[in-house]
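Understanding the architecture of this molecule
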Amino acid sequence: MKKIRLQTKNIGKTYAGELIIKNINITLREKELVSLLGVSGIGKSTLFNVIAGVTAPDIGQVLLDGFDITGQAGKVSYMQQKDLLQPHLKVLDNVALPLFIRRLNKSQARTEALKYFEDFGIAGTQDKYPSQLSGGMRQRAALLRTYLFSKDVALFDEPFSALDAITKRAMHRWYLALMERINMAALFITHDIDEAILLSDRIYIMTGPPGVITAEITINPPRPRADEFLVSENFLNYKRQIMKLLAL
Ligand SMILES: Nc1ncnc2c1ncn2[C@@H]1O[C@H](COP(=O)(O)OP(=O)(O)O)[C@@H](O)[C@H]1O
Ligand SMILES: [Mg+2]
């Protein structure tokens, strides 16, 4: 079994006296793609904010490689749900931001960031502004920025949800291929059942309120998955199972 990178232990969080999430125990192993699936408002982003150290839990711990990082920001890469690129910065400077923060000088940071533009499918966009890019390209730029932040454990909050269905499908294909080439363990949030089945090694189902993990599903076919998987009986069986768990 692959080594556990990230683990939450019994996380609970309240806002203004209201219990938002409770007893959250999840794990993310080396090179794994795991999704957290649940309806809007159930507490998915709240959990990510806790894991990323943006906010502290009321109870519980977050462990990275066995070390307690509860409440500490900057230990894992985090692409927030409303993580828009800075409109006044060129794409290259947006992407290189985590490298500036790591005190690389500007020209070194730009050179380093530029190396990945081809792989992330945004070659040639470096001198444009975010508003000049398509939605899919903006998301890829934001994904690259997240990747450059720490490289191997990342949280993505609904990275594809703002895209139209066709662009989204292209992004799924691209994302699966990318994940084969880079060494990253990724936890991502979605409310799209098909997306979760297609992209994940495992899916945690969150229901509530308060948000609790009520099921964990392993998706067996190896990645990257061929297009036929999307229309297979196997896929539909997973979908049926998940719809039942979400009471849809
Ligand atoms: N900073 C905050 N202060 C107060 N309430 C919050 C805050 N963040 C989220 N909430 C509340 O927590 C609940 C879960 O929100 P969220 O985690 O964003 O859900 P999801 O990401 O699953 O849509 C919502 O009722 C939301 O209003
Ligand atoms: Mg959210």
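Now for a quick tour of the structure. (Residues numbered from 1 in each chain as written. Chains lettered and ligands numbered in written order. Predicted model: local features only at pLDDT ≥ 70, side-chain atom pairs only at ≥ 80, totals over all residues. Heavy atoms only, no water.)

**What to know about the coordination of the magnesium ion (ligand 2)**
Summarising the metal site, the magnesium ion (ligand 2) is bound by the protein donors Ser 45 (OG) and Gln 81 (OE1), whose distances to it range over 2.1 to 2.3 Å. One end of the pair, Ser 45, is in helix α1 (residues 44-51); the other, Gln 81, is in the loop between β7 (77-79) and α2 (91-101), with 36 residues separating them in the sequence. Judged by its relative accessible area of 23%, Ser 45 is partly exposed. For Gln 81, a relative accessible area of 39% gives the class partly exposed. (Donors = N, O, S within 2.8 Å, 3.2 Å for Na, K, Ca; no water. Helix = DSSP H or I, 4+ residues; strand = E, 2+ residues; numbered from the N terminus. Buried < 20%, exposed > 50% of the residue type's maximum accessible area, 1.4 Å probe, protein only.)

**Points about the pattern of salt bridges**
Using the criterion set out here, one finds 15 salt bridges in the structure. Of the charged contacts in the structure, one is a salt bridge between Asp 227 and Arg 173, with a shortest N-O distance of 3.0 Å. In this pair, Asp 227 sits in the loop between β11 (212-218) and α7 (233-245) while Arg 173 sits in helix α5 (residues 165-181), placing the two residues 54 residues apart along the sequence. Between Asp 201 and Arg 223 there is a salt bridge, with the nearest N and O atoms lying 2.9 Å from each other. Here the residue Asp 201 occupies a position in the loop between α6 (193-199) and β10 (202-207), and Arg 223 occupies one in the loop between β11 and α7, the gap between them amounting to 22 residues. Its relative accessible area of 17% is what places Arg 223 among the buried residues. (Salt bridge = Lys/Arg side-chain N within 4 Å of Asp/Glu carboxyl O.)

**Remarks on unusual backbone geometry**
A cis amide bond links Gly 208 to the next residue, Pro 209, at an omega of 0 degrees. Position of Pro 209 relative to the elements: it lies in the loop between β10 and β11. Here the bond from Pro 209 into Pro 210 is cis, since omega is -10 degrees, no more than 30 degrees from zero. Assignment of secondary structure puts Pro 210 in the loop between β10 and β11. Even without being a glycine, Ala 16 presents a positive backbone phi close to 50 degrees. Looking at where Ala 16 falls in the secondary structure, it is placed in the loop between β1 (4-15) and β2 (18-24). In this model, Glu 158 sits at a positive phi of 45 degrees, which is unusual for a non-glycine residue. With respect to the helices, strands and loops of the structure, Glu 158 is situated in the loop between β8 (153-157) and α5.

**A word on the packing of aromatic side chains**
Enumeration according to the criterion identifies eight aromatic pairs in this entry. Taking 6.1 Å as the distance between ring centres and 70 degrees as the angle between the ring planes, the aromatic pair formed by Tyr 175 and Phe 188 counts as edge-to-face. Placement of Tyr 175 in helix α5 and of Phe 188 in strand β9 (residues 185-190) is noted, with a sequence separation of 13 residues between them. Here Tyr 175 matches Phe 188 in class, with each residue buried. Members of the aromatic cluster, connected to one another through ring pairs, are Tyr 116, Phe 120, Tyr 147 and Trp 174. In this structure, Arg 140 packs its charged tip against the face of Trp 174, placed 5.6 Å from the ring centre. (Phe/Tyr/Trp six-rings, centres within 6.5 Å; stacked < 30°, edge-to-face > 60°. Lys NZ or Arg CZ within 6 Å of the ring centre and 35° of its normal.)

**Describing the environment of Lys 22**
With respect to the element layout, Lys 22 can be found in strand β2. Along the backbone, Lys 22 and Pro 210 are 188 residues apart, and their C-alpha atoms lie at a distance of 6.6 Å. Apart from the residues within four sequence positions on either side, Lys 22 is in contact with Ile 11, Gly 12, Pro 210, Gly 211 and Val 212. (Contact = heavy atoms within 4.5 Å.)

**A look at α1**
With seven of eight residues buried, α1 is to be regarded as a mostly interior element. Taken together, the buried positions of α1 are occupied by Lys 44, Thr 46, Leu 47, Phe 48, Asn 49, Val 50 and Ile 51. Taken from the residues just after α1, Gly 53 is the one with a positive phi, measuring 80 degrees.

**Quick word on the sheet that holds strand β4 (residues 33-37)**
The six strands lie next to each other as β7-β8-β9-β4-β10-β11, forming an open sheet whose pairing is mixed. Taken across any chain shown, the strands that pair with only one partner, and hence form the sheet edges, are β7 and β11. Going from strand to strand, the sheet's axes swing by 15 degrees on average, the running direction of each strand aside. Alignment of β8 against β9, held across five bridges, turns out to be parallel. In the strand pairing of β9, Val 153 is matched with Ala 185. Contacts from α1 reach β4, β7, β8, β9 and β10 within the one sheet, and its direction differs from that of β9 by about 150 degrees. On the sheet, helix α4 (residues 135-150) packs against β7 and β8 and is oriented at approximately 160 degrees with respect to β7. (Pairing = 2+ DSSP bridges. Axes fitted to C-alpha atoms, helices over the stretch in contact; angles between N-to-C directions.)

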